[in-house]
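In case you want the letters, here they are:
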Amino acid sequence: MSNGLFDKRCNVFHILLAAVLYISSGCHSTRNLTEHQYLLRKNKVELKSDKPITNKGEIKDNLTRLIVQKPNTYFFSMFSIKLSLYNKHYEKWHNTPDALLPKSVERPVIIDTAMMQRSVQNMKNYLFNQGYFYAKIKDTFKIKKHKAYATYIVQPGKNYTINKVNYDIDDSNVARIVQKVSDESALVKDKEFTYSLTDEERSRITGAVRNSGYYKFTQENVTFKIDTFDKTLFKNIESPFEGAVNFISTPKKSKKPTLDIDVIIRLADDTTAYTKYTINSVHVYPDYNNTADLKDSQMIKKTIHNMDFSYHNEYVHPNVLYKHIYLFPGNLYSQEDDDKTHVKLNELGIFQYINLRFRENPLKKHTLDCNILLNQTKKHDFSTNYEISSGSTYSLGNSVGVNYRDKNFLKGANLLTIGVNGGVELGYTNGSDFVKNFDILTKYYGINASIDFPKFLAPVASSLFDNSNLPHTIIGAGENVIDRVDYFTLVNTSANFTYSWHQTQTITWAFSPVFINIIRLPIETDSFKNVLSNNEYLKNSYKQNFIEGENLTFTYDNIIKKRGINYSYLKLGLEEAGAALGVVNQLGVALNDLYKIQYAQYVKFDFDARHYFTFPHSVLAMRFYGGVGIPYGQSSTLPYIKQYFAGGPYSLRGWRIRTLGPGSFYDINNINNVNQIDRTGDIKLEYNAEYRFPIAPLFAGAVKMNGAFFADAGNIWLAQKDTSYAGGEFRLSTLSQDIAVDFGAGTRFDIASFLTLRVDVAIPVRKPYVHTNSGWVFNQIDFYNSTWRANNIVFNVSIGYPF
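Owing to the predicted nature of the structure, the values given are computational and were not obtained by experimental measurement.

Caption draft 1: Layout of unusual backbone geometry. Between Gly-661 and Pro-662 the backbone carries a cis peptide bond, its omega angle lying at -5 degrees. In this structure, Pro-662 sits in the loop between strand S23 (618–631) and strand S24 (683–698). You will see that Arg-658, though not glycine, has its phi angle at about 65 degrees, which is positive. Following the sequence through the fold, Arg-658 ends up in the loop between S23 and S24. By relative accessible area, Arg-658 is classed as buried at 17%. Positioned with a positive phi, Asn-773 is a non-glycine residue whose angle comes to about 55 degrees. Along the chain, Asn-773 turns up in the loop between strand S27 (755–766) and helix H16 (786–792). Given the relative accessible area of 53%, Asn-773 is considered exposed.

Shown next, in the form of structure tokens:
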């Protein structure tokens, strides 16, 4: 077996590694420093307390971020390419101002005690805002071989908890509004105090008051008074001596100190802050250019229910916009309606920017005129994606997809999407001619189209839904072909009708009352028929099928709410097929006779749970996902297109796509056969963990080179035992043995924050079909052995992150 392909890759890797080592080793990081200059090598924060600290990890990370002086950028915390390049060309760069230095070099960071003091003050301010009013911080550093290692020892002390909240409001109407929503307050008794809670409460109160028509009420009308003096220590007014003893001894007690909060609302400078305002008029400019449009009498004008529209050209039907606006003449002003209008117009995806301008009407006291200024975005856009994968026994695959979008189809803000995709999978065999030794194993291509209507299309009234959460209606159709050259050609014709809506900022639902797949196999080779005749599972998987069903999807995503810090994602899906046709049995029989195919019956549940731990300069991403499909009725397996598979750039990266499982099954007769039937299953469990970190900016920062270490674990299984796949069925007793594990490293190139090119290299370290050493194969790893490399190293090149 020739190993030229892997040897070439390894040679490239060795060359790159040698270049990096050459750059670094030739330039001692401190060689250009004076005797009393010390290179800042590392910052360390030590958080010490004799009591448990809530959110200790988050507090420590935030304290680390507040350190003013950061060390140079180091690759794998071992060497700094940028610093090495600076030292190598010291004469060229040492007199250049920092602002003019290229991003490929870094001047050595010299420890500065004044900056350490600034860091200490930043930390104290942060802890004070977190309710630690008496924190102690000691800064120090150690010198080792002309390098400084800074340490900040933080003793936060005890943080205060809320004892009592009082409201002091000088207007009875405003007081009633605040009292009505007091149950939603973030200031709750016994809750640990942070100043962010007062910001949250100020914003909440301001929103509640403004939602009742008080347009000029602002956050400046809300202030807070914090009283940290614990009055309970002096509750016995007859014995002041006892109170003094309590006050002196309280630091020794384990109970956290408490504070009282006075919420004060005053009229302040603007005497109209307590005046309610009504919407007088709403004027919409869907293709606004500049202020001249506000006085242009030549514009096309239309009116819908007292709402005015002015166009240069009727870019979008005004009725579509009207249904996404929540500010109406005659209604009281509401901040919630203001925000909702902005969000819903933005969701249409046809505007570059949205601006809502309010001004007082000079002729009608306490009324507002609202101008909604909309600037249209590009109507059409194109996007592409490309993937390359390779793995054991020299299999290569690549695919390309092209997508076209019309964001304002038929002038209704309808999103028309048409996607064309195609690809091939290649097998490599021995031979002297490198190119000619690639054979096509699989070809796949397809076209898919959908229209997303920003309205609810149904025979029932839309009043069943809250107007602000009115579902979008999505209609889609497509045809995709899989051509396994030596086996079969499979054609999947699909259609779906789906509703999608946002319940809240974090929760989204999608419901398809009907979807259809028609699976046909117009071509089956004799060899494939022979395989099916001896394998009942494959015979049932690849038979022609009619699939009609419905599905429901729930998605939770709090990345915006958490502002990209320690955020989570959860997706749950439930799908059923065949029940309706089973009930209408005669229709099912007719379909069987008409198409000469069976209709499928199954229930399927999928899940995808992720959490992202964010650190000052890195992210730890974890995912647990999979699913269970249970066939019933006249189906003994899931249809092929609904089955699960493992391996590939978005799954277990130590295996090629669809080559792992099911369970501990291993086909000894096809060890080196790249052109084998896909491995699929009815059940899937998978866990992924990936540590992501920056490496270096390239091309003046236009491209950011990031790195990752990752590990993947999981497998697929059959729901029922099948003699053709020994050990392939799901059993709790063998679950631990069936879990495959790989680990690897990768590089990501973020190009202009627009496109991410990902390169991952992985090796399997636990193989379910190896029954010695519990499947672990660390003892078999041999990077110097070309045969081992060929059978174990898997390269994946793709667009975007794996999750």
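Caption draft 2: Representation of the confidence of the model for the protein chain. When pLDDT is averaged along the protein chain, the result is 86; 86% of the residues meet or exceed 70. Looking over the protein chain, one finds the lowest element-wise mean pLDDT in helix H8 (residues 240–249), namely 45, and the highest in strand S7 (residues 278–285), namely 97. Below pLDDT 50 for its whole length, residues 1–10 participates in 27 contacts with residues either more than four positions away or in separate chains.

Caption draft 3: Geometry of the pattern of salt bridges. A complete count under the given rule lists 28 salt bridges for this structure. Across the pair Asp-381 and Arg-405 runs a salt bridge, and its minimum N-O distance is 3.0 Å. One end of the pair, Asp-381, is in strand S12 (residues 380–391); the other, Arg-405, is in strand S13 (residues 395–409), with 24 residues separating them in the sequence. On the basis of relative accessibility, which here comes to 19%, the residue Asp-381 falls in the buried class. In this structure, Glu-686 engages Lys-684 in a salt bridge whose closest nitrogen and oxygen atoms are separated by 3.5 Å. Residue classification places Glu-686 among the buried residues on the basis of a relative accessible area of 1%. Owing to a relative accessible area of 6%, Lys-684 belongs among the buried residues under this scheme. One network of salt bridges, in which partners are shared, links Arg-653, Glu-690, Arg-692, Asp-712, Arg-748, Arg-758 and Asp-760.

Caption draft 4: Quick peek at helix H3 (residues 81–88). When we look at burial in H3, the residues that qualify are Lys-82, Leu-83, Ser-84, Tyr-86 and Asn-87. Two to three positions downstream of the cap, the backbone nitrogen of Leu-83 sits 3.1 Å from a side-chain oxygen, assigning the N-cap of H3 to Ser-80.

Caption draft 5: Summary view of the sheet that holds strand S3 (residues 147–155). Read from one edge to the other, the open sheet built from three strands follows the order S1-S3-S2, with strand pairing classed as mixed. Two strands in the sheet have a free side with no partner beyond their single neighbour: strand S1 (39–47) and strand S2 (136–144). Put simply, the sheet's adjacent strands are angled 20 degrees from each other on average, direction ignored. Pairing of S2 with S3, which is carried by nine bridges, proceeds in the antiparallel orientation. Following the sheet pairing, Lys-136 is matched in S3 by Gln-155.

Caption draft 6: Inspection of the side chain of Arg-204 at higher detail. Following the sequence through the fold, Arg-204 ends up in helix H7 (residues 195–210). A polar contact of 2.8 Å, which involves the side chain of Arg-204, links it to the side chain of Glu-201. With residues near it in sequence (within four places) discarded, Arg-204 still touches Tyr-167, Val-181, Ser-182, Glu-184 and Ser-185.

Caption draft 7: Fine view of a nonpolar patch on the surface. A contiguous nonpolar patch, built from Phe-511, Leu-552, Leu-574, Val-603 and Phe-605 and spanning about 390 Å² of accessible area, is present on the exposed surface. Summarising the element assignment, Leu-552 is placed in strand S19 (residues 545–557).

Thresholds applied
Residues numbered from 1 in each chain as written. Predicted model: local features only at pLDDT ≥ 70, side-chain atom pairs only at ≥ 80, totals over all residues. Heavy atoms only, no water. Helix = DSSP H or I, 4+ residues; strand = E, 2+ residues; numbered from the N terminus. Buried < 20%, exposed > 50% of the residue type's maximum accessible area, 1.4 Å probe, protein only. pLDDT = per-residue confidence, 0-100. Contact = heavy atoms within 4.5 Å. Salt bridge = Lys/Arg side-chain N within 4 Å of Asp/Glu carboxyl O. Polar contact = N/O pair within 3.5 Å; in protein donor to acceptor, adjacent residues only side chain to side chain. Pairing = 2+ DSSP bridges. Axes fitted to C-alpha atoms, helices over the stretch in contact; angles between N-to-C directions. Patch = residues over 30% accessible without salt bridge, like charges linked within 9 Å, V, L, I, M, F, W, Y side chains within 5 Å. Areas by Shrake-Rupley, 256 points an atom, 1.4 Å probe, with all protein chains shown as cover.

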